[in-house]
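# Coordinate analysis (summary)
Each chain, written out:
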Amino acid sequence: MGALAIREAAAMHGMVNRALQGFLTTTYGDAVWAEVRSQAGLPFDDFEAMLSYPDPMTSACFEAASHVLHKDHGTLLEDFGIWLVTDPHLEPVRRLLRFSGARFEDFLHALEDLDERGRLVLPALDLPRMTVSHAGDGRFVIDAAWSLPGVSAILTGCLRAMADDYGTLAFVSLGPIAGDGHERLEVQLFDATHSKGRCFELGQVCA
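Let me sum up the structure you'll find in this document.

Right, let's get into the packing of aromatic side chains. Evaluated as defined, the whole model comprises twelve aromatic pairs. Ring plane angle 70 degrees and centroid distance 5.9 Å describe the contact between Phe62 and Phe80, whose orientation is recorded as edge-to-face. Here Phe62 is found in helix α3 (residues 55–69), whereas its partner Phe80 is found in helix α4 (residues 73–86), with 18 residues between them in sequence. For the pair shown, Phe62 and Phe80 are each scored as buried. Aromatic rings pair up to connect Phe23, Tyr28, Phe62, Phe80 and Trp83 into one cluster.

Right under this line is the structure:
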């Protein structure tokens, strides 16, 4: 994946920026976040979850993190996506996604409603807009658009982690990135009951 472009027109909700900060601090430590913050030129120590920040500021943080950690953007964004649904502190995110259906296939179809569901909770929250097409033989094509590039890599990490969560054997791959900012990924389902998966109950979190 090429360098992350900076777009001037939109603002990113602070929850996304705060999540990036949380990913870097919990995974790599406070010193790494301090270096990322310095290289990105942030005029403060921490993002506030309920504020909005210019997209260039968010992009600068991803760019700086890639440089500090010596990781290409695609790998960093995919790791971020995995963390979003596997970190114990973000169990509510995982539970919100599991409410989408009892099967991983149901979860994939429900991705089209993710942006709308997010806005019901926080009207200013900008989540990726997705369309999901079933291409037959267990193959799904997901087209996604977001105000920042790289959403397909983040979703790749999320979907791989969620497939494991459901106990589904699936292969997730990146597709082409269109010039209009739309990105694509493909999911091939092989075995819906490959493993037991993680426990999930509507009424409570189970071990």
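Turning next to the nonpolar core. Core analysis: the largest hydrophobic core is formed by 54 residues, its most contacted members being Phe80, Phe104, Phe107, Leu108, Ile142, Leu159 and Val187. It is helix α8 (residues 151–166) that provides the largest number of residues to this core, a total of ten residues. Excluding residues within four positions of it along the chain, Phe80 makes contact with Val16, Ala19, Leu20, Phe23, Phe62 and Ile154.

With that out of the way, let us pick up α4. For α4, with 14 residues, the first-to-last C-alpha span of 20 Å sits near the 20 Å given by 1.5 Å per residue. Taken together, the buried positions of α4 are His73, Gly74, Leu76, Leu77, Phe80, Gly81, Trp83, Leu84 and Val85. Residues of α4 that are buried in the fold lie against α1 (14–28), α3, α5 (91–98) and α8. The backbone nitrogen of Gly74 has a side-chain oxygen 3.0 Å away, supplied by the residue at the start of α4, namely Asp72.

Turning our attention to the packing of α1 against α3. As a packed pair, α1 and α3 sit with axes 10 Å apart at the nearest point and diverge in direction by 15 degrees. By the angle class used here, α1 and α3 are roughly parallel. The handedness of the crossing between α1 and α3 comes out as left-handed. Along its contact with α1, which presents Asn17, Leu20, Leu24 and Tyr28, the element α3 presents Thr58, Cys61, Phe62, Ala65 and Leu69. Here the contact of α1 with α3 is built from residues that sort into seven nonpolar, two polar and no charged.

Parameters at a glance
Residues numbered from 1 in each chain as written. Predicted model: local features only at pLDDT ≥ 70, side-chain atom pairs only at ≥ 80, totals over all residues. Heavy atoms only, no water. Phe/Tyr/Trp six-rings, centres within 6.5 Å; stacked < 30°, edge-to-face > 60°. Helix = DSSP H or I, 4+ residues; strand = E, 2+ residues; numbered from the N terminus. Buried < 20%, exposed > 50% of the residue type's maximum accessible area, 1.4 Å probe, protein only. Core = buried A, V, L, I, M, F, W, Y, C linked by side-chain atoms within 4.5 Å. Contact = heavy atoms within 4.5 Å. Expected span 1.5 Å × (residues − 1). Polar contact = N/O pair within 3.5 Å; in protein donor to acceptor, adjacent residues only side chain to side chain. Axes fitted to C-alpha atoms, helices over the stretch in contact; angles between N-to-C directions. Parallel < 35°, antiparallel > 145°, perpendicular 65-115°, else oblique. Left-handed = near helix turned anticlockwise from the far one by under 90°. Nonpolar A, V, L, I, M, F, W, Y, C, P; charged D, E, K, R; others polar.

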